[in-house]
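Listed below, chain by chain, are the residues.
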Amino acid sequence: MKKFEKLGEATTPEGTLLTLHRHDGDYLLRADGGELMSTRRHHSEDRLAEMVCEPLRETPNARVLIGGLGLGFTLKAALRSLGDDARVEIAEIVGAVIEWNRNPEYGLGHDALLDPRVTLHHADVGQVLAANPEAYDAVMLDVDNGAEAIVSTGNDRLYGAWGIRAAKASLRPGGKLAYWCAGAEPAFVRALRGAGLTVDASEEPAYGAGGPMHALYLAYRPG
């Protein structure tokens, strides 16, 4: 049996231990020992970006924000789906996650982060949202485990009243928010609708051909 190789570790601002591991050619990100994401399971992250960005391919100078770098899959799918004149901003609060993605040996987000369309913010995505009113055609939040945070309780505010207001305010008229969640979050959907957003919900498997189902929510600001 092939062993898990620990490549690095980092502590989030709230004290959660993140560790990066390699096993049989795949990479896994763990939070306090539990698997958070891996390169084996990214179909739902790909679909999140495709659903949001493909309709923006012909939008001149489309501007998109991604909250959470993870292992780079949402960013890579967004870049594949958008036009050459698009701008993609990504906010990641943990410096080590950025370093791991930039390491060309790992083959995670290295090439995507070098794309001239990309601007990286080493920052809390909530701060980026608040600083950019009516700036984005779309915002994708692939932060933590969804509304039920496991990495940082501070992420809870992104899915509460403050976070929904900040995200909605950062959109241009007709813009959309997209959220990845590990499972269905009916209370969160009610909160989005209570904020005046139209919400479409869908499920996608972790693997292209199966695996656990993840919830994707698209919320639209009226035009």
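For the structure itself, look to the data block above.
Residue indices begin from 1 for each chain and proceed along its sequence in written order. Confidence filtering applies because this is a predicted model: local features only for residues at pLDDT of at least 70, side-chain atom pairs given and counted only at 80 or more, and all residues used for totals across whole chains, interfaces and linings. Water and hydrogen atoms were dropped before computing side-chain values, which therefore reflect all heavy atoms in the structure.

Q: Can you walk me through the environment of Gly163 in this structure?
A: Put simply, DSSP marks the helices as runs of H or I at least four residues long and the strands as runs of E at least two long, and each gets a number from the N terminus on. Note on placement: Gly163 falls in helix α6 (residues 161-169). Residue classification places Gly163 among the buried residues on the basis of a relative accessible area of 0%. Here the alpha-carbon distance between Gly163 and Gly126, two residues 37 residues apart in the chain, equals 7.0 Å. Beyond its immediate chain neighbours, meaning those up to four positions away, Gly163 contacts Arg157 and Leu158. We call a residue buried when its accessible area falls under 20% of the maximum for its residue type, exposed when it is over 50%, and partly exposed in between, using a 1.4 Å probe and counting protein chains only. Here a residue-residue contact requires only that any non-hydrogen atoms of the pair lie within 4.5 Å.

Q: Help me understand the state of the cysteines in this model?
A: What we call a disulfide is simply a covalent bond connecting the sulfur atoms of a pair of cysteines. Any pair of cysteine sulfurs within 2.5 Å is marked as a disulfide. A complete count under the given rule lists 0 disulfides for this structure. With no disulfide of its own, Cys53 lies closest to Cys181 among cysteine sulfurs, the gap being 17 Å. Residue class for Cys53 comes out buried when judged on its relative accessible area of 0%. A relative accessible area of 0% means that Cys181 is categorised as buried.

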